[in-house]
Amino acid sequence: MDIRNHSLISIILLVILIFISAIAVIYVRQSNRFLFIAIDELSQKKEELYYQRSQLILENETLSSLSRVDMIAKNQLSMIKPPNVTVLN
Amino acid sequence: MKTYKARLILFISLIFILFILFFARCYYLFVTQKEFLQTQGDLRAIRTENTLNIRGSILDRNGKFIAVSTIVYDVWINPYKILKENINKQNLKKELVALNITSEEEFNEIFTEKNDKQYVYLKRNVSPNKADKLRALNLPFVFLDSKTKRYYPSSEVIAPLIGKTDIDDNGIEGIELFFNEYLKGKQGKQTVLKDRLGRTIKVIDLIQEPEAGKDLNLTIDLRLQYLAYKELAEAIEYHKAQSGAAVILDVTNGDILAMVNYPSFNPNGTSNINFNSIRNRTITDVFEPGSVFKPFSMAMAMDHKNIKEDDLIDTSPGFFSVKHKTIKDIRNYGEIKVKDVLIKSSNVGISKIISDIQPDKFINFIYNLGFTYKSQYDLQGETPGWLNHFLESDIFSYYTLAFGYGVAVNALQLTRAYSSIGNHGYLPDINIIKKNKDKQIEYKNKVMSQETAEQILEMLHETTGKTGTAKRAALPFAEVAGKTGTTRRIVSGIGYDATSHNAIFAGLAPYPNPKLAMVVFIADPKENGYYGGLVAAPVFSKVMGSAVRILGLEQQAEG
């Protein structure tokens, strides 16, 4: 009787363990999927931020380019180079 | 009843047989054919792909961006699969045309001429905004590959020095090529699992860790680069010259502050770029320096002979003959001081000064000045120049060497050699990469004595005075030193062409404590004069006038 009881308990325990293991496998797979989605989103975000950074750099460089400053100074602000300069020490 | 039992046995037997067949099939697939099927499956679903690697930026010495990479996308489709899977082509076309990814004609052409292909580009270099819109549509067998594209905000101003990258962002010219490995970093690789429609579902393994490209800080000062480019371009257009180059060096540490070429090219464009505008003439084009070489002849004579700047040299009658060939001045200067040989640029005087010096010593001196050697940066096609190894009996060639014929130099070499005059006789090493400020500079190459360097500098300063040949190089609020040169160009089949010249100016500023050395070289000016003093010296004056103010060197000039 004891042996039969032990066997039954072992089988039930085994079934429970198999069930837990199966749930764990599902959980890990699902986590993996979520993490992959997160990585994908983050790497897209990283690319987007890098793109924004490079666009801002290019915009800044274009707006502050010496040829543009030179043109605005001459044509819009009518600036000229000072003909006579005295350096004060 | 019997019939019923027989049926039951038959039914159970059939079920049993089906199970046996099922397990046999499973055994066949999972055990016998496992390897084959797994390999075939992997071939269809597992791919190795490169991770996105962003190329490092190139910056000037003040942190201004010269080259920046930005992310773009290539859009491609798989026409073979689209046809095989019976995907609705009309819908696909409508969406892609609406997003301006392709035109109706292009799309139709793909499905008539390339319908067996599995990889056809629809559009390259698509912006991330447009790529996001396309991604949201989730179109089958339409793919996006991210990559980087290089932009150059300074465009033509610095293009021949920086070079450019190819469609895959690999350096193919100039700095981009020379420092390609450093800028590019290491490409990462990963294996990914794709679904039936070719979309990535899972990253399986990172095969190679990516290493981001590093930023490169150059010694170039974009402000000086722009000034030099603008003035050089204007002079070349005004004098209808063929081309030109200019270099500015920091004489104290050899930093290249500007390296300018005209004509230049737009590295942001995709149109064909010809060799004439892409090359960095400051190092690829060599020329006979002519009179700008005289200060070195004088320096050598002062170091090897006991002559002083106020000693007298007789240059009359303004010419002399050597083995039936004549060396002459533009006029008879008569008996003049040694320093006036340089100030008035007398060919006769400088030839007489070096006449009793051993040619070997002169040649060694030329080598010591760095002529005929490449710099440590092999920036695409650097030409080291050449020296006419005349026989000792060919005394005429030796005399002409004194005023810069029989030797060919590039603009960078000449600027470096002039730096030694402004740097107390020490020849600085050339730098294009910005170094740590705290690093102590070590001068190794002393090419002339300090006393000689100072005397030559003073003579060059007088040359830019009101009576000198380089008066157009003078600045209103700082003193300079420099020398003009005008040489005839060698034309194949003709030799020295009397109608084609090079106009050169080499100078230092501010005097008496120079910080900057600059060489301006203009090839074949055709209109409004051709002399170095008329064509190249004003470029030096305009650039240095602004450079001295930008760098705050006026006080040094006053002091």
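Structure shown above.
Quick look at the structure, then. (Residues numbered from 1 in each chain as written. Chains lettered and ligands numbered in written order. Predicted model: local features only at pLDDT ≥ 70, side-chain atom pairs only at ≥ 80, totals over all residues. Heavy atoms only, no water.)

**Section: the overall build of chain B**
Convention followed: Under the DSSP-based scheme used, a helix requires at least four consecutive residues in state H or I and a strand at least two consecutive residues in state E, with every element numbered from the N terminus. Radius of gyration here uses only the C-alpha atoms, and the compact-globule reference equals 2.2 Å multiplied by the residue count raised to the power 0.38. Only protein chains enter the accessibility calculation, which uses a 1.4 Å probe; a residue is then buried when its area is under 20% of its type maximum, exposed when over 50%, and partly exposed in between. We call two residues in contact when some of their heavy atoms are within 4.5 Å. Only the protein chains shown count as cover for residues, and all accessible areas are computed by the Shrake-Rupley method using a 1.4 Å probe.
Assigned secondary structure in chain B consists of 22 helices and 22 strands. Taking 24 Å as the expected radius of gyration for a compact globule of 559 residues, we find that chain B reaches 35 Å, considerably beyond that expectation. With respect to the principal axes defined by its C-alpha atoms, chain B has extents near 145 × 50 × 45 Å. When burial is assessed residue by residue, chain B has 52% of its 559 residues classed as buried. Within chain B, residue pairs in contact and separated by at least 24 positions form 70% of the contacts whose partners lie at least 6 positions apart. A total of about 26,600 Å² of accessible surface is found on chain B, and carbon and sulfur atoms cover 51% of it.

**Some remarks on the nonpolar core**
All names here are of chain B. The following threshold applies: Here, the term nonpolar core denotes a set of buried Ala, Val, Leu, Ile, Met, Phe, Trp, Tyr and Cys residues that are joined through side-chain atoms within 4.5 Å.
Ranked by size, the top nonpolar core spans 87 residues in total, and within it Phe296, Met298 and Leu414 carry the most contacts. Residues contacting Phe296, with those up to four places away along its chain left out, are Phe365, Leu369, Phe371, Leu414, Ala417, Tyr418 and Ile421. With 40 residues, the next largest nonpolar core counts Val157, Ala235, Ala241 and Ala509 among its residues.

**Here we look at the side chain of Asp74 of chain B**
All names here are of chain B. Formally: Polar contacts, as counted here, are pairs of nitrogen or oxygen atoms within 3.5 Å of one another; within protein the pair requires one atom able to donate a hydrogen and one able to accept it, and residues that are adjacent in sequence qualify only if both atoms are side-chain atoms.
Here Asp74 lies in strand 3 (residues 65-77). Within the structure, Asp74 has its side chain in polar contact with the side chain of Arg124 (distance 3.4 Å). When sequence neighbours within four positions are dropped, the list of residues in contact with Asp74 reads Tyr121, Lys123, Arg124, Asn125, Phe143, Leu144, Asp145 and Lys147.

**Describing the interface of chain B and chain A**
We apply this condition: In short, buried area is how much 1.4 Å probe accessible area vanishes from two parts on joining, totalled over both. What counts as a salt bridge is simple: a side-chain nitrogen of Lys or Arg found within 4 Å of a carboxyl oxygen of Asp or Glu. Basically, the charged four are Asp, Glu, Lys and Arg, the nonpolar ten are Ala, Val, Leu, Ile, Met, Phe, Trp, Tyr, Cys and Pro, and anything else, Gly included, counts as polar.
Between chain B and chain A, the contact holds 32 residues from the first and 24 residues from the second. Summing both partners gives a buried area of about 2,500 Å² for chain B against chain A, and 59% of it is carried by carbon and sulfur. At the junction of chain B and chain A, the tally comes to two salt bridges. Close ionic contact of Lys64 of chain B with Glu61 of chain A constitutes a salt bridge, the shortest N to O distance being 3.4 Å. Our enumeration of links across chain B and chain A arrives at nine residue pairs in polar contact (both at pLDDT 80 or more). Every element with two or more residues in the side of chain B that touches chain A is listed here: strand 3, helix 6 (128-137), strand 5 (142-151), strand 7 (200-208), helix 10 (222-238), helix 21 (537-550) and helix 22 (554-558) of chain B. By residue number, the principal contributor to the side of chain B that touches chain A is strand 3 of chain B, which donates six residues. Residue classes in the side of chain B that touches chain A are distributed as 15 nonpolar, seven polar and ten charged.

**Considering the sheet that holds strand 1 (residues 46-50) of chain B**
Strand pairing in a sheet relies on backbone hydrogen bonds. The paired strands run either parallel or antiparallel. Residue and element names in this part refer to chain B. Rules: At least two bridges found by DSSP between two strands are what make those strands a pair. Think of each axis as a best-fit line through the C-alpha atoms, taken over the contacting stretch in the case of a helix, with angles from 0 to 180 degrees between the N-to-C directions.
Strand order in the open sheet formed by three strands is 1-6-7, and the pairing between neighbours is antiparallel. Edge positions in the sheet fall to strand 1 and strand 7, since each of these pairs with one other strand and no more. In this sheet, neighbouring strand axes are inclined to one another by 30 degrees on average, regardless of whether the strands run parallel or antiparallel. In this fold helix 2 (residues 34-45) packs onto strand 1 and strand 6 (189-194), with an angle of close to 40 degrees to the strand it touches most, strand 1.

**Considering the packing of helix 4 (residues 89-98) of chain B against helix 5 (residues 104-113) of chain B**
Residue and element names in this part refer to chain B. Heads up, the rule is: Put simply, a crossing is left-handed when the front helix is turned counterclockwise from the back one by less than a right angle, and right-handed when it is turned clockwise.
Two elements in contact, helix 4 and helix 5, have axes separated by 10 Å at closest approach and are oriented at 145 degrees. Read as a crossing pair, helix 4 and helix 5 show a hand that is right-handed. Together, Lys89, Leu92, Lys93, Leu96 and Val97 of helix 4 and Glu104, Phe107, Asn108 and Phe111 of helix 5 make up the contact between the two elements. When the residues that make up the contact of helix 4 with helix 5 are grouped by side-chain class, the tally is five nonpolar, one polar and three charged.

**Let's talk about a negative patch on the surface**
We apply this condition: Residues forming no salt bridge and having over 30% relative accessible area are the ones grouped into patches, like charges within 9 Å of each other and nonpolar side chains (Val, Leu, Ile, Met, Phe, Trp, Tyr) within 5 Å. Neither His nor the chain termini are counted; the positive set is Lys and Arg, and the negative set is Asp and Glu. Where a charge lies is defined by one atom per residue type: Lys uses NZ, Arg uses CZ, Asp uses CG and Glu uses CD.
A surface patch of like charges, here negative, comprises Glu104, Glu105, Glu106, Glu109 and Glu113 of chain B. Relative to the elements of secondary structure, Glu105 of chain B occurs in helix 5.

**Digging into the pairing of strand 20 (residues 481-491) of chain B**
Residues and elements named next belong to chain B. One ladder, built from eleven bridges, connects strand 20 with strand 21 (residues 495-509); its direction is antiparallel. Bridging from a neighbouring strand, Gly482 pairs with Gly507 of strand 21. In this antiparallel pair of consecutive strands, strand 20 and strand 21, the connection spans three residues, and Gly493 shows a positive phi of 90 degrees.

**A few points about a nonpolar patch on the surface**
Residue and element names in this part refer to chain B. A cluster of nonpolar side chains, Tyr4, Leu8, Phe11, Ile12, Ile15, Phe19, Phe22 and Phe23, forms an exposed patch at the surface whose accessible area comes to about 870 Å². As for its placement among the helices and strands, Ile15 is situated in helix 1 (residues 2-32). Taking relative accessible area as the criterion, Ile15 reaches 34% and is therefore assigned partly exposed.

**Considerations on the packing of aromatic side chains**
All names here are of chain B. To keep things clear, this is the line we draw: Here a Phe, Tyr or Trp ring, Trp counted by its six-membered ring, pairs with any other such ring whose centre lies within 6.5 Å, and the pair is stacked when the planes are under 30 degrees apart, edge-to-face when over 60, and tilted otherwise.
Enumeration according to the criterion identifies 22 aromatic pairs over all chains in this entry. Their ring planes at 65 degrees and their centres at 6.1 Å tell us that Tyr367 and Tyr373 sit as a pair that is edge-to-face. Overall, Tyr367 belongs to the partly exposed group, its relative accessible area being 22%. Judged by its relative accessible area of 47%, Tyr373 is partly exposed. Taking 4.8 Å as the distance between ring centres and 25 degrees as the angle between the ring planes, the aromatic pair formed by Tyr530 and Tyr531 counts as stacked.

**Some points on the sheet that holds strand 9 (residues 243-250) of chain B**
Residue and element names in this part refer to chain B. Taken in spatial order, the five strands line up as 10-9-22-21-20 in an open sheet, and their pairing is antiparallel. Either end of the sheet is taken by a strand with one partner, and the two such strands are strand 10 (256-262) and strand 20. Each strand axis lies, on average, 10 degrees off the axis of its neighbour in the sheet, ignoring direction. Sitting on the sheet, helix 19 (residues 450-463) is in contact with strand 20 and strand 21, with an inclination near 80 degrees to strand 20. Strands strand 9, strand 20, strand 21 and strand 22 (516-523) of the sheet are contacted by helix 21, whose axis makes an angle of about 150 degrees with strand 22.

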